[in-house]
Amino acid sequence: MMIAVLRKWTPSITSHHQSSFLPHYTTRSRFLSFWDLQENVEDCNMEKKSHYVKKDLILREMPPALVVILLLAVLLLNLLLYLYLSSFYVSSSHLDLDPNLCPSGYFRLGPLKNCSPWLSCEAIDKEVRKLKCVGEGAVKKVFLSEWKESKVALSQLTNSELENDFLHGLKMLKALQSKHVVKLLGYCKKQYTILTEYHPLGSLKSLNETLDLPKYKGLNTWHHRFILAIDYVRILHYLHDSPLGTLVMCDSNDLDKVLSQYLLTSDFHIVVNDLDALPLVNRSAGRLVKCGHRELQGEFVAPEQLWPYGEEVPFDDDLMPPYDEKTDIWKIPDVSNFLLGHIEGSDIVRLHLFDIHMECKKRNPVERPSAQIVLDTYRKILTSLIREVAMPGTREML
């Protein structure tokens, strides 16, 4: 996406937010040739006069027909930018599916043009070679492996007591294949192994370290980070409106745990990787969920996930009320805050997100917005920020 930030641009802020949050930005864009021309004229003819006086004089000196043409060009560029962004961020959940996705039971990896069937037990044994262990959780251990000169991830169950969780994760992977979910390449139930696409940048936990590397410093900008936050909310929307119904991301009792469930792709997007704890909400059947059978604590989890009867009553899972997918909404501001980081421009984005994040933190889950509403709001804010960056003087000209 051709996005960049201007050194002299100051975003518009509502009056109650006006403070010291006035960072300066830099950018280049081939859409700004008119503004470059305008700056050159100003510098040559009116260098010591005020910004607005110079603009007024330039417009007066121009033939009326030229002024009209320039204004129409500005309006046309705004319209084209708006149409581009509208088409890029279509809110339809059906269009969120990857058009290049293979049919169920097949996959396409790397440069391969054709879809291959998921690898069987026999194929995994013969064709996949383990290289090294790259991660281990409560349920499984993950090995960097190789298949036909491609790096892949081989997950193996490590705790037989959590067999059901492992098999549930496999079931979810098979059913939810889309651009939002890590690509399934094969599995072997009898050996409790799952083969998935390997993403060398790892989980979101290491995002800041990755962006500190010289190779990726150019991506450490507010708009790239904001797009990651949009990816995260888009995945939640997909899970809440999945082909299986409304699913809740239960492996999310603290920020590190949430971040470990998602992988950063080489083209800097997010896919969900761990689906072992993904219960189904069925409102028509009156079925809600509980994330585990132990007492949850802390400010990160939603209020309805906390024991409601005080310290004087010992925790009893049978007495703990169930809840729904709005627990995921409560956690969005905290995850987005991490993804935005603390770089130039991120505080401006936070100011724009303030209202929707306040809605996400409503103590009554019924009052919180849906993931779809949060996603639409995020997209509108990004579109607004991009338009202000790309056309900072449009309002003054008009």
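Residues numbered from 1 in each chain as written. Predicted model: local features only at pLDDT ≥ 70, side-chain atom pairs only at ≥ 80, totals over all residues. Heavy atoms only, no water.

Structural notes on the overall build of the protein chain
When you go through the protein chain residue by residue, the secondary structure sums to twelve helices and eleven strands. Out of the 398 residues belonging to the protein chain, those deemed buried represent 44%. Counting contacts in the protein chain only where the partners sit at least 6 residues apart, residues at least 24 apart contribute 64% of the total. Within the structure as shown, the protein chain displays about 21500 Å² of accessible surface, and the carbon and sulfur contribution to it stands at 54%. (Helix = DSSP H or I, 4+ residues; strand = E, 2+ residues; numbered from the N terminus. Buried < 20%, exposed > 50% of the residue type's maximum accessible area, 1.4 Å probe, protein only. Contact = heavy atoms within 4.5 Å. Areas by Shrake-Rupley, 256 points an atom, 1.4 Å probe, with all protein chains shown as cover.)

Brief notes about the sheet that holds strand β3 (residues 128-136)
Reading across the sheet, the five strands line up as β3-β4-β5-β7-β6 and stay open at both edges, with antiparallel pairing between neighbours. Since the sheet does not close on itself, it has two edges, and those belong to β3 and β6 (184-188), each with one partner. Mean inter-strand twist for the sheet, computed between neighbouring axes without regard to direction, equals 25°. Relative to strand β7 (residues 193-197), helix α5 (residues 163-175) is tilted by about 40°, and along the sheet it contacts β4 (140-147), β5 (150-157), β6 and β7. (Pairing = 2+ DSSP bridges. Axes fitted to C-alpha atoms, helices over the stretch in contact; angles between N-to-C directions.)

Remarks on the state of the cysteines
Counted under the stated rule, the structure contains three disulfides. Across the disulfide from C250 sits C291; the S-S distance is 1.9 Å. Handedness here is read from the sign of the S-S torsion; for C250 and C291, about -75°, the answer is left-handed. Here C250, found in the loop between β8 (246-247) and α8 (255-260), pairs with C291, found in the loop between β11 (280-281) and α9 (326-340); they are 41 residues apart in sequence, far enough to count as distant. (Disulfide = S-S within 2.5 Å.)

Quick notes on the packing of aromatic side chains
Summed over all chains, the structure comprises eight aromatic pairs. Judged by centre distance (6.1 Å) and plane angle (70°), the rings of F166 and Y192 are edge-to-face. Taken together, the residues F166 in helix α5 and Y192 in the loop between β6 and β7 connect sequence positions 26 residues apart. Both rings, one in Y232 and one in Y262, keep their centres 5.5 Å apart while their planes meet at 75°; by these two values the pair is edge-to-face. One end of the pair, Y232, is in helix α7 (residues 222-240); the other, Y262, is in strand β9 (residues 262-264), with 30 residues separating them in the sequence. The structure contains a cluster of three or more aromatic residues connected by ring pairs, namely W307, Y309 and F315. Here the guanidinium or amino end of K130 rests over the ring plane of F143, the centre of that ring lying 4.2 Å away. (Phe/Tyr/Trp six-rings, centres within 6.5 Å; stacked < 30°, edge-to-face > 60°. Lys NZ or Arg CZ within 6 Å of the ring centre and 35° of its normal.)

Re the layout of surface pockets
A volume near 1500 Å³ is recorded for the largest pocket. Taken together, 50 residues form the lining of the largest pocket, with D251, K257, Q261, D274 and D276 sitting closest to its centre. Mapped onto the lining of the largest pocket, the elements with two or more residues apiece are β3, β4, β5, α5, β7 and α8. Take the lining of the largest pocket: its biggest share by element is seven residues, from α5. Each residue belonging to the lining of the largest pocket can be placed in one class, and the counts come to 21 nonpolar, 16 polar and 13 charged. (1 Å grid on protein atoms, 1.4 Å probe; cavity = no way out; pocket = protein on both sides within 12 Å on 5 of 7 lines; lining within 4 Å. Points joined across faces, edges and corners; volume = space filled by probe spheres on them. Nonpolar A, V, L, I, M, F, W, Y, C, P; charged D, E, K, R; others polar.)

Quick word on α5
Compared with the 18 Å implied by 1.5 Å per residue over 13 residues, the 19 Å span of α5 between its first and last C-alpha is a close match. All buried positions along α5 are accounted for by F166, G169, L170, M172 and L173. All buried residues of α5 fall inside an arc of 165° around its axis, so they share one side. Of the exposed residues in α5, the ones pointing more than 90 degrees away from its buried face are N164 and K171. (Expected span 1.5 Å × (residues − 1). Arc of directions from axis to C-beta.)

Some thoughts on the pairing of β5
Here is the key point about a regular strand: its side chains alternate between the two faces of the sheet. Buried residues dominate β5, accounting for six of its eight residues. Direction of pairing for β4 relative to β5: antiparallel, over a ladder of eight bridges. Along β5, the bridge assignment pairs V142 with S155. In this antiparallel pair of consecutive strands, β4 and β5, the connection spans two residues, and K148 shows a positive phi of 50°. Both β5 and β7 contribute to a ladder of five bridges, which runs antiparallel. Its bridge partner lying in β7, L154 is registered against L195.

Considering the pattern of salt bridges
Counted according to the given criterion, the structure contains 13 salt bridges. Notably, a salt bridge pairs R283 with E325, separated by 2.9 Å at the nearest N-O pair. Remark: E325 occurs in the loop between β11 and α9 and R283 occurs in the loop between β11 and α9; sequence separation between them is 42 residues. Looking at E325, the relative accessible area reads 10%, which means it is buried. Three or more residues are tied together by salt bridges with common partners; here these are R129, E146 and K151. (Salt bridge = Lys/Arg side-chain N within 4 Å of Asp/Glu carboxyl O.)

Some details on the packing of α7 against α9
The geometry of α7 relative to α9 is characterised by a closest axis approach of 8 Å and an angle of 160° between their N-to-C directions. Regarding the angle of α7 to α9, the classification is roughly antiparallel. Between α7 and α9 lies a crossing whose hand is right-handed. Side by side, α7 and α9 meet where R225, F226, L228, A229, Y232, V233, L236 and H240 of the first sit next to D328, I329, I332, V335, S336, F338, L339 and L340 of the second. (Parallel < 35°, antiparallel > 145°, perpendicular 65-115°, else oblique. Left-handed = near helix turned anticlockwise from the far one by under 90°.)

What to know about the pairing of β6
Taking burial as the measure, the five residues of β6 include four buried ones, the bulk of the element. Pairing between β6 and β7: four bridges, direction antiparallel. Note that in β7 the partner of L184 across the bridge is T196.

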